[in-house]
Amino acid sequence: MNTEVQSFIQKYDLLGCIQCGRCTGGCPVNTRTDLNVRRIVYDALDEDVLEELANLPEIWDCTACHTCAIRCPKGLKPMEVLVGLRNILVESGVIQPTVRDALESAFREGNPWDKPRAMRSDWMEGLEVKMAEPGVRVENLVFVCCTIAYDPRVQAIARNMVKILNKSGVDYGFLSTDESCCASEIFNLGEIGEDGLFEMMVEDNTEFLNDYDVGRIVALSPHCYDALKNQYPDLKAEVIHYTHLLKELLEEEKLTFDKEFPQKIVYHDPCFLGKQNNVYDEPRYVLSQIPGAEQVEFERNRERSLCCEGGGGRMWAETESHGERLAEIRAQDAKDLGATILAVACPFCVLTLDDAIKAKGFEEEMRVADISELLGELID
Amino acid sequence: MKTFVCIKRVPDTSEAEVKVDASGKDVDSSKFSFDINDADNYAVEEAVLIKEAQGGTVQVVCMGPADADVMIRMALAKGGDSALRIDDPRIDARDPLLSAKALAAAIKGQGEEFDLVLTGCMSNDDGNMATGVALAEELGVPHAAMVKKLEVEEGKIKAHRELEGGIIEVVEVVLPAVVTIQTGINEPRYAPIRGIRQAQKKELKVLKIEDLGLGEDEVSAAASLVEMQGFYIPEVVSTAEIIEGEPEEKGEIMAEKLVKGGLL
């Protein structure tokens, strides 16, 4: 018992914290939750209090945006302390039913959405999709993402990517129903540890993906991109986000547009692409190539982008957060700019911002579109 | 408390399309995902809660193929102590009475007396609602079915049974007894992967008809009183009659239809 708890302090380097408060100061959910990660890092020094901390409802408000980790002058990752606390609850077995179902589903069916694995490629219906085969060289192996594969609103991301890839003539291949969850959110939900579900899925996925002879893996979701790139130590292939590929295609003129698109586009930087992986320019370049479109910027852009609250397990965990949703604030910001398109590059952002537009009643004035959807419309 | 909990491996058909297979006597299960029967999952949780409160043991019994081992290990991870899996294609598992016979033999084969047998009240696939009750008969003990709340006392239980209309009937049953559990009785816990790995060390015995002390003629399809004739998906038709006219006229016509239809 003691050695396990000792390592909580050591594991998260709690003694390294100087209580400067930059973490809480930059935490985007600060305006609408009781979550005070600086306080929790401090309290967690007392091992007797760990269980009490693990039962605080606000630890589920964290979106894993990593702003705290980026701002920390000591290079600590405060949000990982929250993941550690979530892990205490997960190990006890007493977690919210929705979180439980997501974890069980990821283990059983390779996706956290309680959908059968056998239906993972149903989004491909009606499309000409090139499939990758183990051992057969493919330049761009596309990693779809569970949410994109199963959620009807964001299946459009995958469908449009197929259109774009077919039009551009590049070599690509998709995985079939053997593709499994990258486990990014499994980590954030706290199913971690020596024998954790996250570690197990990373191991299985690494073995599965290493069987493919690829130039690189192209992730459609920034969450999968981040996980495959940063949390898969034994993965052989290079990993890029699809906006990297699109930039290449546009620069090499493998993709051209002949239609005009007279819209005012504001791009929302997804946390897992932007502030966590410093990918800011490629999506902007892609959007700048859209003929006739005007690009505007949020004041809170790039590293300061306002988290949409989609990540960190938030798709499955109930929270007690109050006040206006950040996605709705973002929608308002977009409207204030006079934007007609709120462009994103992440399925979670699409879902949360779409809901926000509807909640605010802005559907007449603007819509949320993933970059892939915009390009897909242009090449039709 | 020495408790047995019987679980079944069933398909999750909430998402998958169900089609009849080529033989016409079964469904095409090639695209199904399988897991523990919903009500049985609640039964496992209830058994573990009783063990945590009263002490004792929980033994998991399952009639199913090797693929069921994962869900059995999950039940063990949650608090089960050991498991029995009956795996014999000679048993006509579709017949709830024969299933009950096999399960009872497995339980009786454990030698010692038991206090309680829990199982889900209904399975997600066949929906007979019969196995648990037949099991009580095979074991020669009383039962309470559709239980929404279970209070365990010395030598007896108070079972709150949920009846139609949401009425709750409370019955006192002397142990040993079988209780069939209704969904919603508790909130099943999560079994972390670490726990499932550790549960690999717990005993899981696989049994054939011979181990159950039964003859093939007692549990095969020939012994079944029911013959499966076939499956079909009913033709979907729809009839809608739009009643026209002024509100008063429509009201009159509507009332006439309701009275004629014996609904009023």
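Residues numbered from 1 in each chain as written. Chains lettered and ligands numbered in written order. Predicted model: local features only at pLDDT ≥ 70, side-chain atom pairs only at ≥ 80, totals over all residues.

**What about the overall build of chain A?**
Selection rule: The way it works is that DSSP assigns letters per residue, a run of H or I at least four long becomes a helix, a run of E at least two long becomes a strand, and they are numbered from the N terminus. In this description the radius of gyration comes from C-alpha coordinates, and the expected globular size is given by 2.2 Å times residues to the power 0.38. With C-beta atoms placed from the backbone, a residue counts as buried when 20 or more other C-beta atoms lie within 10 Å of its own, as exposed when 12 or fewer do, and as partly exposed for counts between those limits. Here contacts are defined at the residue level, using C-beta atoms placed from the backbone and a cut-off of 7 Å between them.
Across its full length, chain A carries 17 helices and eight strands. Since a compact globule built from 380 residues should have a radius of gyration of about 21 Å, the 21 Å found for chain A is in line with a globular shape. Counting only C-alpha atoms and orienting by the principal axes, one finds that chain A spans roughly 65 × 50 × 35 Å. By residue count, 51% of the 380 residues in chain A fall in the buried class. Within chain A, counting contacts between residues at least 6 apart in sequence, those at least 24 apart form 78% of the total.

**Some points on the overall build of chain B**
Across its full length, chain B holds eight helices and eleven strands. With the C-alpha coordinates aligned to their principal axes, the bounding extent of chain B is approximately 75 × 45 × 40 Å. A total of 264 residues make up chain B; the buried ones form 40% of that total. Taking the contacts inside chain B whose residues are at least 6 apart along the sequence as the reference set, 70% of them involve residues at least 24 apart.

**Some words on the interface of chain B and chain A**
Applied cut-off: Classes in brief: Ala, Val, Leu, Ile, Met, Phe, Trp, Tyr, Cys and Pro nonpolar; Asp, Glu, Lys and Arg charged; the others, Gly included, polar.
Taken together, the contact between chain B and chain A spans 16 residues of the former and 23 residues of the latter. Sort the elements by how many residues they give to the side of chain B that touches chain A and helix α5 (residues 193-198) of chain B lands first, with three residues. Looking at the side of chain B that touches chain A residue by residue, the classes come out as six nonpolar, one polar and nine charged.

**Focus on helix α4 (residues 131-139) of chain B**
Residue and element names in this part refer to chain B. α4 sits mainly inside the fold: seven of its nine residues count as buried. Regarding α4, the residues found buried are T131, G132, V133, A134, L135, A136 and L139. Where the residues of α4 are buried, they touch α3 (96-108), β6 (116-120), β7 (143-153) and β10 (177-181). Once α4 finishes, G140 follows within two positions and takes phi at roughly 70 degrees, a positive value.

**A look at the domain arrangement of chain A**
Inclusion rule: The domain limits used here are those given by an automatic or database domain assignment.
Once the domains are mapped, chain A shows domain 1 (2-92), domain 2 (98-249) and domain 3 (255-378). If you look at the interface, domain 1 of chain A gives 16 residues, while domain 3 of chain A gives 18 residues.

**Some points on the environment of A102(A)**
Residue and element names in this part refer to chain A. With respect to the helices, strands and loops of the structure, A102 is situated in helix α7 (residues 97-109). Look at A102 and you get buried, because 26 C-beta atoms sit within 10 Å. In the structure, A102 is positioned 213 residues away from M315 in sequence and 9.6 Å away in space, judged by C-alpha atoms.

**Remarks on helix α13 (residues 242-251) of chain A**
All names here are of chain A. Buried residues dominate α13, accounting for seven of its ten residues. Among the residues of α13, those classed as buried are Y242, T243, L245, L246, K247, L249 and L250. As for α13, its buried residues are in contact with β1 (138-143), α9 (155-168), β3 (214-219), β4 (238-241), α14 (281-288) and α17 (371-378). Immediately downstream of α13, the backbone of E253 shows phi near 55 degrees, a positive value.

**So, the packing of α3(B) against α4(B)**
Residues and elements named next belong to chain B. Going by this rule: Only the stretch in contact is used when a helix axis is fitted, and all axes are lines through C-alpha atoms; the angle between N-to-C directions ranges over 0 to 180 degrees. The cut-offs work like this: below 35 degrees is roughly parallel, past 145 is roughly antiparallel, 65 to 115 is roughly perpendicular, and the gaps in between are oblique. For any pair of crossing helices, the crossing counts as left-handed if the nearer helix is rotated counterclockwise from the farther one by less than a right angle, and right-handed if it is rotated clockwise.
Where α3 meets α4, the axes come as close as 8 Å, and the angle between the chain directions of the two elements is 50 degrees. The orientation of α3 with respect to α4, classified from their angle, is oblique. As for how α3 packs across α4, the hand of that crossing is right-handed. Between α3 and α4, the residues in contact are P96, L97, S99, A100, K101, L103, A104 and I107 and T131, A134, L135, E138 and L139, respectively. Looking at the contact of α3 with α4, its residues break down into nine nonpolar, two polar and two charged.

**Considering unusual backbone geometry**
With an omega of 5 degrees, the peptide bond between L175(B) and P176(B) qualifies as cis. Tracing the backbone through its elements, the reader meets P176(B) in the loop between β9 (168-174) and β10. The backbone of D114(A) shows a phi angle near 60 degrees, a positive value even though the residue is not glycine. Counting through the fold element by element, D114(A) comes out in the loop between α7 and β1.

**Here we look at the packing of α9(A) against α17(A)**
Residue and element names in this part refer to chain A. Relative to each other, α9 and α17 sit at 45 degrees, their axes nearing to 8 Å. Compared by their axis directions, α9 and α17 come out oblique. As for how α9 packs across α17, the hand of that crossing is left-handed. Facing α9, whose interface residues are A156, I157, N160, M161, K163 and I164, α17 presents S372, E373, L375 and G376. Residue classes in the contact of α9 with α17 are distributed as five nonpolar, three polar and two charged.

**Comments concerning the pairing of β3(A)**
Residue and element names in this part refer to chain A. Cut-off, in case you're wondering: Strand pairing is assigned whenever DSSP identifies at least 2 bridges connecting the two strands. A right-handed crossover is one whose linking path, passing over the helix from the first strand to the second, runs clockwise when the strands point away from the viewer.
Pairing of β1 with β3 involves five bridges; the strand directions are parallel. Across the sheet, the residue bridging to F143 is A219, located in β3. Of the crossover connections in this fold, the one passing from β3 over helix α12 (residues 222-230) to the parallel β4 is right-handed.

**As for the sheet that holds strand β6 (residues 294-296) of chain A**
Residue and element names in this part refer to chain A. Taking strand neighbours across the sheet as the criterion, the four strands line up as β6-β5-β7-β8 in an open arrangement whose pairing is parallel. Two strands bound the open sheet, and with one partner strand each, they are β6 and β8 (367-370). Mean inter-strand twist for the sheet, computed between neighbouring axes without regard to direction, equals 35 degrees. Summarising the sheet, strand β5 (residues 264-267) and strand β7 (residues 341-344) pair through three bridges and their orientation is parallel.

**Side note on the pairing of β8(A)**
Residues and elements named next belong to chain A. In the sheet, β7 pairs with β8 via four bridges, with the strands oriented parallel. Each bridged residue has a counterpart across the sheet, and for V344 the counterpart in β8 is D370. Handedness of the β-α-β unit built from β7, helix α16 (residues 347-360) and β8 comes out right-handed.

**Concerning the sheet that holds β4(A)**
All names here are of chain A. Strand order in this open sheet of four strands is β2-β1-β3-β4, and the pairing throughout is parallel. Edge positions in the sheet fall to β2 (172-174) and β4, since each has one partner strand and no second. The average angle at which neighbouring strand axes cross in this sheet is 30 degrees, direction not considered. Judged from the four bridges that link them, β3 and β4 form a sheet pairing that is parallel. Bridged to I217 within β4 is V239. Strand contacts of α13: β1, β3 and β4, with the helix running at about 80 degrees to β4, the strand carrying the most contacts.

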